[in-house]
Amino acid sequence: MQRDALVAALSQRLGERGLLREPDDMTRYVADWAGDRLGMPLAVARPASTEEVIATVRLCRDHGVPMVPQGGHSGLVAGALPAADGGELVISLERMNRIRAIDPISFTMAVDAGCILESVKQAAAEHECEFPLALGAQGSCQIGGNIATNAGGLNVLRYGMMRQLVLGLEVVLPDGRLWDGMTALHKDNRGYALKQLFLGSEGTLGIVTGAVLKLTPRATQTRTALLGLDSLEAVIELYGLARCDCSDLLSAFELIPRRCIELAMEATSTLSDPMDHSYPWYVLLEVSASGPLDLGAMLEHLLEQGMERGLVLDGALAASEVQSRQLWQFRESMLEGQRRRGEHLRTDISVPISAIPAFVEEASRSVMEASPECEIIAYGHVGDGNLHFNVLPPPAMPEAEKRAHLHALEERLFEVLDGFVGSISAEHGIGRTKQSAYLARLSPVERELAEGIKALFDPDGLMNPGRILPPRG
Ligand SMILES: Cc1cc2nc3c(=O)[nH]c(=O)nc-3n(C[C@H](O)[C@H](O)[C@H](O)COP(=O)(O)OP(=O)(O)OC[C@H]3O[C@@H](n4cnc5c(N)ncnc54)[C@H](O)[C@@H]3O)c2cc1C
């Protein structure tokens, strides 16, 4: 009864474009990038303004119906997927996609939360500025989703994660009140940093409707190189050298194993082997700047140093933007290559940067001991200590056995990670997928504080329930 009454009230308030109820219309909102799905929602609300979000949330609260804020559904921990019981209302921000204001002197930009990351980057570029967040899903993920997951990406080592890139926020709280924190201040030390609570909260504390973003000067020159190395120890030593040698202008330092180069070539037929010989490890490195600096000389000096020390064995330097894009294609296509392999273990862990070689060795030993036929693919953002230590199950394994097998391997991996005091989630968040591993590692004090925050913001437990923390029973 309550559900029918809610749908009728929403239909009246949001109109035909603002509410989808037919299963065919809702299919787009029930699966994420990886193809995971749980169930159908009660309906999909598509508010076009902050006022409509407020009205939607108030109606949900009045009718006791749980809500799922949804961005570009590129999240990878099932946080934005409607529950299997069919009782949740999806609230999609996709119609709230306005650039509200750009101030190129203050290097700030105010946007609706439903803006797609790519369009925000384009709008900044039109004003000779840059919004530096860059990730594989930027053509579909939304700023609200980036905020809710505290997204990082390829340039974190230079610009930080969303926590460092957001100056102000506008949030509709679970009871329908509006928190207007849309300040464009670079320095603001008044009391508790409320906005930081919403960054990384995965839609469990409120719906982000707007944000003020921090911009940087637009890079006018970029140099990209793909380098071949023979050990992880050499990769880490080269990273230390690059940080010191490149005047802090290093904007990407990506680790790619040989297997990923092969997967990329399988996925994109136009890619060919980047060097005459193959190497166990590759580094995709980028430096960028906006002033009159000789980046070419800087990169050449780094490579000379790397070769003299025996760290870099070979390299391909991009001589143009087109060539740079080709090198980046290896990084992008390898994800598609993995996806084509079907179900596999995906992780987004982190360890201290200097511990990466020891961690990969120990974790590989532990995983291979339990599953000698599996294939490990470890790649990631070295400068953030963030690895995707992924595992493809044995090719001959029956489909029905894969999930449990991969879960057991994940537990082994996380045990090794605990020994390195690492994080089980450096990127994608907790959602539903990582919940039990997260809870198992929370101290009693941390759990009490986390539950207290949730109860303070959402006493009725209606905002994205069951994500991060279990639903209140
Ligand atoms: C190919 C690929 C590459 C990726 N690379 C990276 C990477 O390099 N670094 C990285 O950090 N992540 C990466 N991700 C995952 C990343 O978390 C998401 O891409 C992105 O930040 C999520 O945005 P979204 O709009 O798709 O959110 P969704 O998937 O729709 O939602 C994600 C979570 O945010 C909540 N949410 C969404 N919008 C709002 C809102 N307006 N208010 C409140 N809560 C909201 C949802 O309820 C859900 O819990 C990658 C994903 C893919 C598919």
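Nothing here was measured: the structure is a model prediction, and the numbers come from that model.

Draft legend 1. A look at the nonpolar core. Val235, Phe253, Phe359 and Phe389 are the most contacted members of the largest nonpolar core, which totals 59 residues. Looking at this core, the element that brings in the most residues is helix 9 (residues 232-245), giving 8 residues. Inspection of this core shows a minimum of three residues originating in each of domain 3 (221-339) and domain 4 (349-419). Residues in contact with phenylalanine 389, not counting those within four places in the same chain, are Leu345, Thr347, Ile349, Phe359, Val360, Ala363, Ser364, Val367, Ile376, Ile377, Ala378 and Leu413. Ranked by size, the runner-up nonpolar core spans 55 residues in total, among them Leu6, Ala43, Phe131 and Tyr159.

Draft legend 2. Main features of the environment of alanine 31. Within the secondary structure, alanine 31 is located in the loop between helix 2 (23-26) and strand 2 (43-45). Considered as a pair, alanine 31 and serine 436 are 405 residues apart in the sequence and their alpha carbons are 22 Å apart. Apart from residues lying up to four places away in sequence, alanine 31 is in contact with Asp36, Arg37, His73 and Leu81.

Draft legend 3. Local environment of the sheet that holds strand 6 (residues 108-112). Read from one edge of the open sheet, 5 strands run 5-6-10-8-9, paired in antiparallel fashion. Whereas interior strands pair on both sides, the edge strands pair on one side only; in this sheet they are strand 5 (99-103) and strand 9 (178-181). Strand-to-strand twist of the sheet, defined as the mean angle between neighbouring strand axes without regard to direction, takes the value 10°. Strands in contact with helix 3 (residues 50-63) are strand 5, strand 8 (166-172), strand 9 and strand 10 (207-214); relative to strand 8, the strand with the most contacts, it is inclined by about 45°. Of the strands in this sheet, strand 5, strand 6 and strand 10 are in contact with helix 4 (residues 117-125), which crosses strand 6 at around 145°.

Draft legend 4. Molecular detail of the UniProt feature "domain: FAD-binding PCMH-type" (unreviewed entry) in the protein. The positions UniProt marks with the feature "domain: FAD-binding PCMH-type" (unreviewed entry) are residues 37-218. Segment residues 37-218 splits into 23% helix and 24% strand. End C-alpha atoms: 39 Å apart.

Draft legend 5. Local environment of the domain arrangement of the protein. Under the domain assignment used here, the protein contains domain 1 (2-92), domain 2 (99-217), domain 3 (221-339) and domain 4 (349-419). Centre-to-centre separation of domain 1 and domain 2, based on C-alpha positions: 23 Å. In this complex, domain 1 contributes 14 residues to the contact, which on the side of domain 2 involves 16 residues. The interface formed by domain 1 and domain 2 contains 0 salt bridges.

Draft legend 6. Region of interest: the packing of aromatic side chains. On inspection of all chains with the given rule, the structure shows 6 aromatic pairs. Considering the side-chain rings of phenylalanine 198 and phenylalanine 457, the 5.4 Å spacing of their centres and the 90° angle between planes classify their relative orientation as edge-to-face. With phenylalanine 198 in helix 8 (residues 194-198) and phenylalanine 457 in helix 16 (residues 444-457), this residue pair connects regions lying 259 residues apart in the sequence. Residue phenylalanine 198 shares its accessibility class with phenylalanine 457, and that shared class is buried. Aromatic side chains phenylalanine 359 and phenylalanine 389 sit 6.0 Å apart centroid to centroid with 70° between the ring planes, which places their arrangement in the edge-to-face category. Note that phenylalanine 359 is positioned in helix 13 (residues 356-370) and phenylalanine 389 in strand 18 (residues 386-392), a separation of 30 residues in sequence. Judged by relative accessible area, which is 0%, phenylalanine 359 ranks as buried. Judged by its relative accessible area of 0%, phenylalanine 389 falls in the buried class. A network of ring pairs unites the aromatic residues Trp179, Phe198 and Phe457 as a single cluster. Residue placement shows arginine 339 over the ring face of tryptophan 33; its charged tip is 4.5 Å from the ring centre.

Definitions and cut-offs
- Residues numbered from 1 in each chain as written.
- Predicted model: local features only at pLDDT ≥ 70, side-chain atom pairs only at ≥ 80, totals over all residues.
- Heavy atoms only, no water.
- Core = buried A, V, L, I, M, F, W, Y, C linked by side-chain atoms within 4.5 Å.
- Buried < 20%, exposed > 50% of the residue type's maximum accessible area, 1.4 Å probe, protein only.
- Helix = DSSP H or I, 4+ residues; strand = E, 2+ residues; numbered from the N terminus.
- Domains from an automatic or database assignment.
- Contact = heavy atoms within 4.5 Å.
- Pairing = 2+ DSSP bridges.
- Axes fitted to C-alpha atoms, helices over the stretch in contact; angles between N-to-C directions.
- UniProt positions renumbered as here; feature names shortened; annotations may be inferred.
- Salt bridge = Lys/Arg side-chain N within 4 Å of Asp/Glu carboxyl O.
- Phe/Tyr/Trp six-rings, centres within 6.5 Å; stacked < 30°, edge-to-face > 60°.
- Lys NZ or Arg CZ within 6 Å of the ring centre and 35° of its normal.

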